[in-house]
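Per-entry structural report
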Amino acid sequence: MKHIEHIGIAVKNLDDANKLYAKLFGKPSYKTEVVESENVKTSFFKVGNNKIELLEAMEEDSIIARFIQKKGEGIHHIAFEVENINEEIKRLKYEGFVVLSDVPKKGADNKLVVFLHPISTNGVLIELCQEII
Ligand code: CO
């Protein structure tokens, strides 16, 4: 793995959270994007070299809606940039991690993404992502 690509935060209302985080960081979100594969609306902020992704559910039974019902708003996942996502899926499965899909999906911000189940990573949902070239 190369580095932390972004940290994902689950929010109830993206417009409200965008305003709040713009105030916090002193600059607006640089991008808002709907991710059909996950049924979420996202927005991104840059803070130095780091990115923060805000996620709002678009449907009541989507992953983000269920997360907020269970745990409330807050940090949802940590995403790591990888060189070759298919190789990493194979490697991590071999190492015994629960990878949620054998095939990466198109995620937000022009990335291929896959998630590791928190059951195999001390309760932390981990996203692997690779830039689509
Ligand atoms: Co993410």
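Worth saying up front: this structure is predicted, and the values here are computed from it rather than measured. (Residues numbered from 1 in each chain as written. Predicted model: local features only at pLDDT ≥ 70, side-chain atom pairs only at ≥ 80, totals over all residues. Heavy atoms only, no water.)

1. Let's talk about the coordination of the cobalt ion
Short version of the rule: Ligating atoms shown are N, O and S within 2.8 Å of the metal, or 3.2 Å for Na, K and Ca, and water is not included, meaning a site may look less than complete. By the criteria applied here, four donors are tetrahedral when all angles lie between 85 and 135 degrees, four are square planar and six octahedral when opposite donors are over 155 degrees apart and every other angle lies between 65 and 115, and any other arrangement is irregular. The cut-offs for exposure are 20% and 50% of the maximum accessible area for each residue type, with area from a 1.4 Å probe on protein chains only; residues under the lower value are buried, those over the upper are exposed, and the others partly exposed.
Within the first shell, the cobalt ion binds the protein through His-6 (NE2), Glu-53 (OE), His-77 (NE2) and Glu-127 (OE), at distances of 2.1 Å. Each of the four donor atoms bound to the cobalt ion contributes to angles spanning 82 to 169°, and the resulting shape is irregular. By relative accessible area, which is 5% here, Glu-127 ends up buried.

2. Here's the deal with helix H2 (residues 63–71)
Note on helix geometry: an α-helix contains 3.6 residues per turn, so any two residues three or four positions apart are oriented the same way. What counts here: The secondary structure listing takes helices from DSSP runs of H or I that are at least 4 residues long and strands from runs of E that are at least 2 residues long, numbered from the N terminus. Think of it as the arc spanned by the lines of direction from the helix axis to the C-beta atoms.
Regarding H2, the residues found buried are Ile-64, Ala-65, Phe-67 and Ile-68. Projected onto a plane normal to the axis of H2, the buried residues spread over an arc of 160° and lie on a single side. Exposed residues pointing more than 90 degrees away from the buried face of H2 are listed as Gln-69 and Lys-70.

3. A word on the pattern of salt bridges
Here is the rule: The term salt bridge refers to a side-chain nitrogen of Lys or Arg lying within 4 Å of a carboxyl oxygen of Asp or Glu.
Applying the stated criterion across every chain, the model contains 12 salt bridges. Its salt-bridge partner being Asp-109, residue Lys-31 comes within 2.6 Å of it at the nearest N-O pair. Taken together, the positions of Lys-31 in strand S2 (residues 31–35) and Asp-109 in the loop between strand S6 (105–106) and strand S7 (111–116) put the pair 78 residues apart, joining distant regions of the chain. Counted as one network, the salt bridges with shared partners bring together Glu-5, Lys-31, Glu-33, Lys-51, Glu-81, Asp-109, Lys-111 and Glu-131.

4. With respect to helix H1 (residues 14–25)
What counts, and what does not: Take the number of residues in a helix, subtract one, and multiply by 1.5 Å to get its expected span.
Along its 12 residues, H1 runs 16 Å from first to last C-alpha, staying within 8% of the 16 Å computed at 1.5 Å per residue. Inspection of H1 places Leu-14, Ala-17, Asn-18 and Tyr-21 among the buried residues, and these make up the whole buried set. One side of H1 carries all its buried residues, which in axial view fall inside an arc of 105°. Exposed side of H1, more than 90 degrees from the buried face: Lys-19, Leu-20 and Lys-23 are the residues found there.

5. Looking at the packing of aromatic side chains
Using the following cut-off: The rule is short: rings of Phe, Tyr and Trp, with Trp giving its six-membered ring, pair when the centres are within 6.5 Å, and they are stacked under 30 degrees, edge-to-face over 60, tilted in between.
Under the defined criterion, the tally for this structure stands at four aromatic pairs. With a centroid separation of 6.3 Å and 45° between ring planes, the pair formed by Tyr-21 and Phe-45 is classed as tilted. Taken together, the residues Tyr-21 in helix H1 and Phe-45 in strand S3 (residues 40–47) connect sequence positions 24 residues apart. Taken individually, Tyr-21 and Phe-45 each receive the classification buried, so the pair is uniform in this respect.

6. What to know about the sheet that holds strand S1 (residues 3–10)
Going by this rule: Only strands joined by at least two bridges in the DSSP assignment are considered to pair. Here a residue-residue contact requires only that any non-hydrogen atoms of the pair lie within 4.5 Å. Every axis in this analysis is a line fitted to C-alpha atoms, fitted for helices over the stretch in contact. Angles between the N-to-C directions lie between 0 and 180 degrees.
Judged by pairing direction, the sheet is mixed, and its eight strands sit side by side in the order S2-S3-S4-S1-S5-S8-S7-S6 without closing on themselves. On the outer flanks of this sheet lie S2 and S6, each paired with one strand and no other. Here S6 pairs with S7 via two bridges, running antiparallel. Paired with Lys-106 across the two strands is Leu-112, which belongs to S7. Against the sheet, H2 contacts S1, S3, strand S4 (50–57) and strand S5 (74–81), and its axis sits at roughly 135° relative to S5.

7. Here we look at the pairing of strand S8 (residues 126–131)
Counting buried residues along S8, five of its six residues qualify, which places the element largely inside the surrounding structure. Bridge count between S5 and S8: four bridges; the pairing is parallel. Paired with Glu-81 across the strands is Cys-129, a residue of S8. Examined bridge by bridge, S7 and S8 share six bridges and lie antiparallel to one another. Bridge pairing links Leu-112 to Gln-130 in S8.

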